[in-house]
Amino acid sequence: MKALYYNGTGMEYRTDAPVPVPGEGESLIRIRLANICSTDREILKGYRPDFRGIMGHEFVGEVVRSDGRPDLTGRLVVGELNKGCGTCIYCRTGREKHCLSRRVIGMSADGCFAEYMCLADHLIHPVPEGLAPEEAVYTEPLAAAVEILKQVHIDPSLNAAVIGDGRLAFMITQVLAQTGIGLTVIGRHPDKLRMFAPYAETRLEEDYYPLRDFTAEESFEYVVDASGSEAGIHLALAIVRRMGTIILKSTYAGKASVDLSVIPVREITLVGSRCGPFEPALRMLKEGKVQFPPVELYPLEDYARAFASRAFKAGFVMED
Ligand SMILES: [Zn+2]
Ligand SMILES: [Zn+2]
């Protein structure tokens, strides 16, 4: 089958990849659409140096074989990334995505930039009737935005800022906007910020530089860093209110250097936030509560163009 491999230094397009054979408790999925995530781009920059295998973790596909869940056969599905060992304290306490021996598709196990992929049955979620594959493919990143509502009690009478004007920031903005909270999005690109205008007030990041001590009125109770760069945490620490909450969503290759003493002094809560729940994300998509631009689709062999795309979201469509 066709597949995009990460070989430790870059991507390789192969046509001779073996069709995977599902293990016990796994289903075989024929991939229909697979989206490129900024995490995939970070992998190419060295975020997962030990990984060798098929890239990709955002997909919609059709179950072609499932011994354990025959009811899934023929269904259009999406799937979660993290497969835990099933027996450790993390797996037994609902924290499978933190299992120390977890396998993550596209990061430590073969992913979805291929014609077929195997996935554990319990990570598979059927796409509700009436939800198009082109929209359902947004489930995984949207779930990561919904995770914030699981982790932090958002008091909608206060205010929040989202740092970043990329895809994840856009999803987070739409999710937070549903709470009715006063929302400000801080980004670098006026053209991208325009898209946020229906949901939030928009500001240019440069307006906040040089960073200084912002007044209570200028500051924010909740600050989400979805900038994808080190600058995000610096700005977040500057604009968060005393006793406020910073939610960190950015993952990037490289290390940030920050003065952590402001956290105890200002009693700031720092929340790390990663993958989230699929079912609420699927409901939001199905009910049209969130809206994203169409994915720019490429055949797998056009991976270089797909990765270079400046579209809101680029991805791959597998032909029949
Ligand atoms: Zn992703
Ligand atoms: Zn485990």
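Residues numbered from 1 in each chain as written. Chains lettered and ligands numbered in written order. Predicted model: local features only at pLDDT ≥ 70, side-chain atom pairs only at ≥ 80, totals over all residues.

### A short note on the sheet that holds strand S14 (residues 220–225)
Sheet strands line up and pair through hydrogen bonds in the backbone, either parallel or antiparallel. If you trace the six strands from one edge of the open sheet to the other, you get S13-S12-S11-S14-S15-S16, paired in parallel fashion. One side of each edge strand has no neighbouring strand; the edge strands of this open sheet are strand S13 (201–204) and strand S16 (269–272). Within the sheet, the average angular offset between the axes of one strand and its neighbour, ignoring direction, is 20°. Here four bridges tie strand S15 (residues 240–248) to S16, and the two strands are oriented parallel to one another. Bridged to threonine 245 within S16 is threonine 269. Across the sheet, helix H7 (residues 230–239) lies against strand S11 (159–163), strand S12 (182–187), S14 and S15, angled at about 175° from S14, the strand it touches most. (Pairing = 2+ DSSP bridges. Helix = DSSP H or I, 4+ residues; strand = E, 2+ residues; numbered from the N terminus. Axes fitted to C-alpha atoms, helices over the stretch in contact; angles between N-to-C directions. Contact = placed C-beta atoms within 7 Å.)

### Quick look at the sheet that holds strand S2 (residues 11–14)
If you walk across this open sheet you meet the three strands as S2-S1-S4, and the pairing is antiparallel. In this open sheet, the two edge strands, each paired with only one partner strand, are S2 and strand S4 (53–54). In the sheet, strand S1 (residues 3–6) pairs with S2 via four bridges, with the strands oriented antiparallel. Each residue of the ladder has a partner; that of alanine 3, found in S2, is arginine 14.

### Focus on the domain arrangement of the protein
Entries for the protein in the domain assignment read domain 1 (3–138 + 292–317) and domain 2 (143–272). Relative to domain 2, the C-alpha centre of domain 1 lies at a distance of 28 Å. The partner domain 2 presents six residues to the eight residues of domain 1 that form the contact. Residues that form the side of domain 1 that touches domain 2 fall into these classes: two nonpolar, three polar and three charged. (Domains from an automatic or database assignment. Nonpolar A, V, L, I, M, F, W, Y, C, P; charged D, E, K, R; others polar.)

### So, the pairing of S14
Counted residue by residue, S14 has five buried out of six residues, so it is predominantly covered. As paired strands, S11 and S14 are joined by four bridges and run parallel to one another. Counterpart to alanine 161 in the pairing with S14 is valine 223. Pairing of S14 with S15, which is carried by five bridges, proceeds in the parallel orientation. Considered in S15, the bridge of aspartate 225 is made with leucine 248. Crossover S14 to S15 through H7 is right-handed. (Buried ≥ 20, exposed ≤ 12 C-beta atoms within 10 Å, placed from the backbone. Right-handed = clockwise from strand over helix to strand, strands pointing away.)

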